[in-house]
Structure formats: C-alpha cells, structure tokens
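# Secondary and tertiary structure notes
Listed below, chain by chain, are the residues.
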Amino acid sequence: MPSDWLPTKFILPSKDVVSAAQLHLLVVQEDDPLGLCEALHSFGFSVQTVRNGETALDCLAQMKHIAGVLLEVRARTADDRPLLSALRHHYPQMPIMTMAHRQDIDLLRASIGLGAQEYLMTPIHEEILKIKCAKVFFHQTRADSDQYMEVRIDRIDSTTTD
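Residues numbered from 1 in each chain as written. Predicted model: local features only at pLDDT ≥ 70, side-chain atom pairs only at ≥ 80, totals over all residues. Heavy atoms only, no water.

### Notes on the overall build of the chain
Going by this rule: Per the convention used, a helix needs a DSSP run of H or I reaching at least four residues, while a strand needs a run of E reaching at least two, with both numbered from the N terminus. Each residue is placed in one exposure class: buried if its accessible area under a 1.4 Å probe, protein chains only, is under 20% of its type's maximum, exposed if it is over 50%, and partly exposed if it falls in between. Contact criterion: two residues are considered in contact whenever any of their non-hydrogen atoms come within 4.5 Å of each other.
A count of helices and strands for the chain gives six helices and seven strands. Reading the chain from its N terminus to its C terminus gives the helix and strand order β-β-β-α-β-α-β-α-β-α-β-α-α. Sorting the 162 residues of the chain into buried and exposed places 46% on the buried side. Put simply, of all contacts in the chain between residues at least 6 apart along the chain, 61% involve residues at least 24 apart.

### What to know about the packing of aromatic side chains
Heads up, the condition is: Side-chain rings of Phe, Tyr and Trp, where Trp is taken by its six-membered ring, are said to pair if the distance between their centres is within 6.5 Å; with planes under 30 degrees apart they count as stacked, over 60 as edge-to-face, and otherwise as tilted. Remark: a charge is flagged as sitting over a ring if the NZ atom of Lys or the CZ atom of Arg is within 6 Å of the ring centre and within 35 degrees of the ring normal.
On inspection of all chains with the given rule, the structure shows zero aromatic pairs. Directly above the aromatic system of Tyr119 lies the positively charged group of Lys132, at a separation of 5.4 Å from the ring centroid.

### Digging into the pattern of salt bridges
As a reminder, the rule being used: By salt bridge we mean one thing: a side-chain nitrogen of Lys or Arg within 4 Å of a carboxyl oxygen of Asp or Glu.
Inspection of every chain in the model, using the stated rule, returns four salt bridges. One salt bridge connects Lys135 with Glu118, and the closest N-O pair in it is separated by 2.6 Å. You can see Lys135 sitting in helix 5 (residues 126-141) and its partner Glu118 sitting in strand 7 (residues 118-122), a full 17 residues away along the chain. The class for Lys135 is partly exposed, based on a relative accessible area of 46%. The salt bridge partner of Glu127 is Lys130, with a shortest N-O separation of 3.9 Å. Linking Glu127 with Lys130, this pair stays in helix 5, spanning three residues, or about one helical turn.

### Thoughts on the side chain of Thr98
Under the convention used in this document: The term polar contact refers here to a pair of N or O atoms within 3.5 Å; inside protein, the definition further demands a hydrogen-donor-capable atom paired with an acceptor-capable atom, and it admits residues adjacent in sequence only when both atoms are side-chain atoms.
Tracing the backbone through its elements, the reader meets Thr98 in strand 6 (residues 96-101). A distance of 2.7 Å separates polar atoms of two side chains, one belonging to Thr98 and the other to Ser111. Setting aside residues no more than four positions away along its own chain, Thr98 makes contact with Leu71, Val73, Leu84, Leu108, Ser111, Ala116, Glu118, Tyr119 and Leu120.

### Let's talk about the environment of Val136
When you line up the elements, Val136 lands in helix 5. Taking the C-alpha atoms as reference points, Val136 and Met97, 39 residues apart in sequence, are found 7.2 Å from one another. Residues within four places of Val136 in sequence aside, it is in contact with Pro95, Ile96, Met97, Gln117 and Glu118.

### Notes on helix 2 (residues 53-62)
Residue pairs spaced three or four apart in an α-helix point in one direction, given the helix's 3.6 residues per turn. Formally: Note that the arc is computed from the directions linking the helix axis to the C-beta atoms.
When helix 2 is considered as a whole, its buried residues turn out to be Gly53, Ala56, Cys59 and Leu60. What you see down the axis of helix 2 is that its buried residues fit within an arc of 120°, all on one side. Relative to its buried face, helix 2 has exposed residues pointing more than 90 degrees away, namely Glu54, Ala61 and Gln62. The N-cap residue of helix 2 is Asn52: its side-chain oxygen and the backbone nitrogen of Glu54 are 3.3 Å apart.

### A few points about the confidence of the model for the chain
Applicable threshold: The predictor's confidence in any single residue is recorded as pLDDT, a number from 0 to 100.
Looking at the chain as a whole, the pLDDT averages 75, with 66% of positions reaching at least 70. Confidence, read as mean pLDDT per element, is least for helix 6 (residues 146-161) in the chain (44) and greatest for strand 6 (92).

### So, the sheet that holds strand 7
The condition that has to hold: Strands are treated as partners if at least two bridges between them are detected by DSSP. For helices, the fitted axis covers only the stretch in contact; all axes are lines through C-alpha atoms, and the angles between them, taken along N-to-C directions, range from 0 to 180 degrees.
Read from one edge of the open sheet, five strands run 4-3-5-6-7, paired in parallel fashion. The open sheet terminates on both sides in strands that have one partner only, identified here as strand 4 (46-50) and strand 7. Averaged over all neighbouring strand pairs, the angle between strand axes comes to 20°, with direction disregarded. Both strand 5 (residues 66-72) and strand 6 contribute to a ladder of four bridges, which runs parallel. Considered in strand 6, the bridge of Leu71 is made with Thr98. Along the sheet, helix 4 (residues 105-113) contacts strand 6 and strand 7; its crossing angle with strand 7, the most-contacted strand, is approximately 165°.

Have a look at this one:
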C-alpha cells in the first residue's frame, strides 16, 4: 500500500494517467546490497530490477507503466553512458536518476550532462532518497496539484533537518 505522502494520480511519460498503485520504477543495478528496492517499495513504488542496459531497454519496450529509471553508474563498466544516451534518445520524457559511490562523483556529474535529472551518492540515506524520488519521479509525473507535493516535500525535508 502506498505511503501517505504519495499523491493519488500520476501522468506517466507515455501520457497515461495511473494510480499510485500502478507506479513502477525500473532499477538498473548489479545487486542491491543497500536495500534500495526495499526502500522504494516502502515509498509505494512497484520496482522492476535488471542488471544491464540491454535488459533495461527490453524491459522499457515491454512494460507500459514505467514512471522512471534509477540507474547505477560505475567507473568499471562501459555500459552506463551508452545506456543513458539510449534512454534519452528512445524515451526523451522518461525521468532518470543515477546513483554511484561517493568516489565516483565525476561520473554522477557527467550523468547530468547526459540527461539524468538527479543523482544519488551511496550509501543512500532513506530520507534523501525519498526527497529525490519526489523531485524527479513525482514532480514530473503528477496529475494532481503541485501544492500537495510541495507540502509533502517540505514535511519530509523538515523531518530530516530536525
């Protein structure tokens, strides 16, 4: 069941209007040692995980209700930059957030230039993840008023600074 901070209706990049229960994220990462998918589930997302770029593109072509992509970028893998470029080319309206270890900050900054809207540094703090998910995936996909989300983000933000 979605958390109370989620709005009730969303407009996906495909222009379909869906309920929060139908909101899916595609997570592209080798593994999930940090419990990222568990945290995303607790926020109300349905999560599909894949391990590489080719599978990610196949999944996006087959699944209709993908609200956004969370992409792990790694210095040791040449697959990430072409994938980000391919996502931008084939799905120009798709919200994308990248994540990497703190020492790979240059990769994260470069991902913004390649079309990602936001990045996360690992280890990921759950409240920061929530705020950034709201910013990237909900702000761009919301069908109800912006005021509702701004209030929710303010509430989340105030709990992380206390």
